[in-house]
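Remarks on the overall topology
Residues per chain, in single letters:
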Amino acid sequence: MSIPCPRCQTPFTPGATSCPGCGSSLLLEAVPGGTEPTCAVHPTLRSLATCERCGAFACARCLRSGARGEAVCEACLAREPNLPVPWDEREELGTFKAFWKTCVNVLLRPEFFSRARAEGSASSSLLFVLLCSLPPCFVTGLTYLGMFSFMPAMFPIPRAEDQPNVPFEWIGVAAFVASILLGPVMAVATTVLGAGLDHLVLRMGNVTRGFQVTLRAHALSQAPWVLGVVPFIGTQVAPFWALVARVFAYRGLHRTTWGVAVAGALLGPGLLCCLCGGSYIAAVMFFVSQFGGN
Ligand SMILES: [Zn+2]
Ligand SMILES: [Zn+2]
Ligand SMILES: [Zn+2]
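Just so it is clear, the model here is predicted, and its values are computed rather than measured.

Moving on, we come to the overall build of the protein. Each helix and strand in the protein was counted, giving eight helices and six strands. Helices and strands appear in the protein in the N-to-C order β-β-β-β-β-β-α-α-α-α-α-α-α-α. Over its C-alpha trace the protein gives a radius of gyration of 27 Å, far above what one expects of a compact globule, namely 19 Å for 294 residues. Along the three orthogonal principal directions, the C-alpha set of the protein runs to about 105 × 55 × 30 Å. Taken over 294 residues, the protein has a buried fraction of 36%. In the protein, the proportion of contacts linking residues at least 24 apart, taken out of those at least 6 apart, comes to 51%. Accessible area of the protein: about 16700 Å², with a carbon and sulfur share of 69%. Between the mean site of the 20 positive side-chain charges and the mean site of the 16 negative ones, the protein shows a separation of 8 Å.

What follows covers the coordination of the zinc ion (ligand 3). At the metal site, the zinc ion (ligand 3) is ligated by Cys39 (SG), His42 (ND1), Cys59 (SG) and Cys62 (SG), and these contacts range over 2.1 to 2.3 Å. Its four donor atoms give the zinc ion (ligand 3) angles of 96 to 116 degrees at the centre, a pattern that matches the tetrahedral case. Written as a sequence motif, the donor arrangement for the zinc ion (ligand 3) is C-x2-H-x16-C-x2-C. Residue Cys39 is located in the loop between β2 (11-12) and β3 (49-50), and its partner Cys59 is located in the loop between β4 (57-58) and β5 (63-65); the two are separated by 20 residues in the primary sequence.

Tracing the chain through its elements places Arg209 in the loop between α5 (168-204) and α6 (211-220). In this structure the side chain of Arg209 is engaged in a polar contact, spanning 2.7 Å, whose partner is the backbone oxygen of Leu253.

Our next topic: the UniProt feature "transmembrane region" (unreviewed entry) in the protein. Under the UniProt annotation, the feature "transmembrane region" (unreviewed entry) is placed at residues 125-150, 170-202, 223-248 and 260-288. The span residues 170-202 is 100% helix and 0% strand, and its two end C-alpha atoms sit 46 Å from each other. The span residues 260-288 carries 100% helix and 0% strand; its end-to-end C-alpha distance comes to 41 Å.

How each quantity is defined
- Residues numbered from 1 in each chain as written.
- Chains lettered and ligands numbered in written order.
- Predicted model: local features only at pLDDT ≥ 70, side-chain atom pairs only at ≥ 80, totals over all residues.
- Heavy atoms only, no water.
- Helix = DSSP H or I, 4+ residues; strand = E, 2+ residues; numbered from the N terminus.
- Rg over C-alpha atoms; globule rule 2.2 N^0.38 Å.
- Buried < 20%, exposed > 50% of the residue type's maximum accessible area, 1.4 Å probe, protein only.
- Contact = heavy atoms within 4.5 Å.
- Areas by Shrake-Rupley, 256 points an atom, 1.4 Å probe, with all protein chains shown as cover.
- Lys, Arg positive; Asp, Glu negative; His and termini not counted.
- Charge placed at Lys NZ, Arg CZ, Asp CG, Glu CD.
- Donors = N, O, S within 2.8 Å, 3.2 Å for Na, K, Ca; no water.
- Tetrahedral: all angles 85-135°; square planar, octahedral: opposite > 155°, others 65-115°.
- Polar contact = N/O pair within 3.5 Å; in protein donor to acceptor, adjacent residues only side chain to side chain.
- UniProt positions renumbered as here; feature names shortened; annotations may be inferred.

What follows is the structure in C-alpha cells.
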C-alpha cells in the first residue's frame, strides 16, 4: 500500500522519509495546538497514516511495509515472528548439523515455515539445493556403476575378435562420475528455473515479497531429496514430498493463503507436465499416423 505525500499527493511506500515526487521531507513537525493527528510514538511529528494492524497514528519514521505490503507501525512489524531456519545458523551449528536440522524440520514439521524468516541470500539457498542433490546423485551413480559392472556377467554379448572392446565397467565409471558432477549442477539450474516460474504464478496471487523469498522456499522444500539415499523408494517419494513441503514453504515465507501457495507450487510444474505430455502424445500420434497404416 502507498500513502500520498501531504504536499504533492505523490504516493510513497511506507518506510520512506522523503517524498519521491517533490523530494520534501516526510518528517513533518506537528503544528502545536493544531487539529491534525500526531504520531503515537513521536508526539512532535505529524501522523501520515494509521497502522493497518493496531490502528495507531504513525509518522514517516514509524511507518513500515508489512508482510503483505500493508502500512504497519514499527512496533507491529517487530511483533511479527521472524525465526531463523537452522540453515541460517550454519556458523554457529556447523554446516552439516544446520543442514540436517533443517531437513528434519522440512520433512516432519513444515508448519515451521509460517514462523520462519523469509529473507535469505540466493547463494545460501542454492548451496542448500546442492547438498540436497548429492545423496540421490550419488545413489544414481552407484546404480549405474553396479548395472554396468554386472551386466556383462548376466547378459554375455557375443563379440567378434577384431571389434574394439570397450569394457562395460568403464561406461559404468563414466556414468557414475557424470551423475555426481552434472547432477548437482542440473539441480541448481532447475531450482532457479522452477522458482522463476512459480514466482510468476505467486505474483498473480498478489504476493508482494521478492524472488529471493520464492527461491529460498523452493530450495528449502527440496530437503526430502535427501531420502534419495534409499535407492528407488527415495526417488519415488521425494518429488511428491517436496511438492507438499513447497506448499507449506510458499504459504509460510510469503505469508499468503493456502490457495495461492498451492497454485504457486503446482501450477508451473503442472503446466510443464501438460506441455511435455502433450507434445509426447502428439509425437506418438504423428508416428502412428505415419507408420501405422502399413
Ligand atoms: Zn511530495
Ligand atoms: Zn501497529
Ligand atoms: Zn513516529
